[in-house]
Each structure stands twice: as structure tokens, then as C-alpha cells.
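Analysis of the macromolecular model
Take a look at the letters that make up each chain.
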Amino acid sequence: AADGTTSDEHEAAALEVLSLIGIDEGVQPMMARMRDTTVAQIAALDVAEGEEQIAAPYLDRIAGIIEDTLSWERLRADFVAAYTEKFSEDELRTLATFFRSPVGAKYLENVTELNRLAMEIVREKALAAAPEIRVITEELQAALPADPAT
């Protein structure tokens, strides 16, 4: 709603879409990657052999913070708010219907790979254009009058 409030039905529609797109299930692997990265960073501190027992409670505390911060229970309200702000209840219901369809299910199966491919295509095209852009930039610098202060 325009005033920032949503109905239970609007929130339920958002939760259905979030479930269909797998956000709720995707949080767990994200949490595990963050925990593993943090542990690896701490391992880079060169904890000496025999000092693991000193580091262990700190690692446990960090893991607890990560798990608490990134739990689906903690994130759910923020995701629901984001989706209910961007989509009406009817739009969310339409999305849910689409994602339950064979084409929608196929889209969900492939969207991560398609996004990765899109980024790769853009990166390749940008790299291919870089030499031409560099030449034009050099031409521009040559065409500009020399700065008398230098």
C-alpha cells in the first residue's frame, strides 16, 4: 500500500513467490559460504598448532552471529517488505502462477546460469571495445590544446 502497510494476503503472496523462486532455501548455502570464508580468513591469521582450542570459541561466536543474522527467519520480513513494495498482491499472484507453470519452472531452473552468461557476454564485449575506446581517448587528448601550466 502507499502508506507502507500490507495486508496478510499481500504478504502471503510475497512469501509464495519467495518460496517458488527458492530464496528461503538459498539462504542456507549463502550462510555456509559466508561462514567458510570467515573461517578461511581467520585461518590466514596463522593460528599456530596447539592454539586451535583458543580460536575455536571465537569461531563458534562468529558462526553464531552469521547464522543468526542470515537465518531465513531473520531475513523473511525484509524480503517480504521488498517484494510487497515492488509488486501488488495481484502481480505477486500472477508471478506465482507463472513460476508454477512449466515455462516458469524452466525459467527458474535456468535463471542463475542465464544471469552468469549475461554478465560474461557483457564483460567480453566491453573488453573487445576497450582498445578502440583507448584509441579514441588518445585522439581526444591529442586534439585538446596543451595545458600551458604544465
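Residues numbered from 1 in each chain as written. Predicted model: local features only at pLDDT ≥ 70, side-chain atom pairs only at ≥ 80, totals over all residues. Heavy atoms only, no water.

Our focus in this paragraph is the side chain of T38. In this fold, T38 is placed in helix 2 (residues 23-43). A relative accessible area of 16% means that T38 is categorised as buried. From its side chain, T38 meets the backbone oxygen of M34 in a polar contact 2.8 Å long. The contact partners of T38, leaving out residues within four places of it in the chain, are I62 and I66. (Helix = DSSP H or I, 4+ residues; strand = E, 2+ residues; numbered from the N terminus. Buried < 20%, exposed > 50% of the residue type's maximum accessible area, 1.4 Å probe, protein only. Polar contact = N/O pair within 3.5 Å; in protein donor to acceptor, adjacent residues only side chain to side chain. Contact = heavy atoms within 4.5 Å.)

What follows deals with the confidence of the model for the protein. Summary statistics for the protein give a mean pLDDT of 89 and a share of 96% for residues scoring 70 or more. When pLDDT is averaged over each helix and strand of the protein, the minimum, 82, is found for helix 2 and the maximum, 97, for helix 5 (residues 89-100). (pLDDT = per-residue confidence, 0-100.)

A word on the nonpolar core. Side chains of nonpolar character tend, in soluble globular proteins, to be buried together. In terms of nonpolar packing, the biggest core is built from 14 residues, with V17, L70, W72, L75 and L92 touching the most fellow members. Elements with a contribution of two residues or more to this core: helix 1 (8-21), helix 2, helix 4 (72-86) and helix 5. Considering every element that reaches this core, the biggest residue donor is helix 1, with four residues. (Core = buried A, V, L, I, M, F, W, Y, C linked by side-chain atoms within 4.5 Å.)

Let us now look at helix 4. Taking 1.5 Å per residue as the helical rise, helix 4 with its 15 residues ought to reach 21 Å, and the 20 Å between its terminal C-alpha atoms agrees with that figure. Within the sequence span of helix 4, burial applies to W72, L75, V80 and T84. Seen end-on, helix 4 carries its buried residues on one side only, within an arc spanning 160°. Turned more than 90 degrees away from the buried face of helix 4, the exposed residues are A77, D78, E85 and K86. (Expected span 1.5 Å × (residues − 1). Arc of directions from axis to C-beta.)

We now examine helix 1. With 14 residues, helix 1 should reach 20 Å at 1.5 Å per residue; the first-to-last C-alpha distance of 20 Å fits that figure. Every buried residue of helix 1 is listed here: H10, A13, A14, V17 and L18. Down the axis of helix 1, the sector holding all buried residues measures 135°, keeping them to one side. Once helix 1 finishes, G22 follows within two positions and takes phi at roughly 85°, a positive value.

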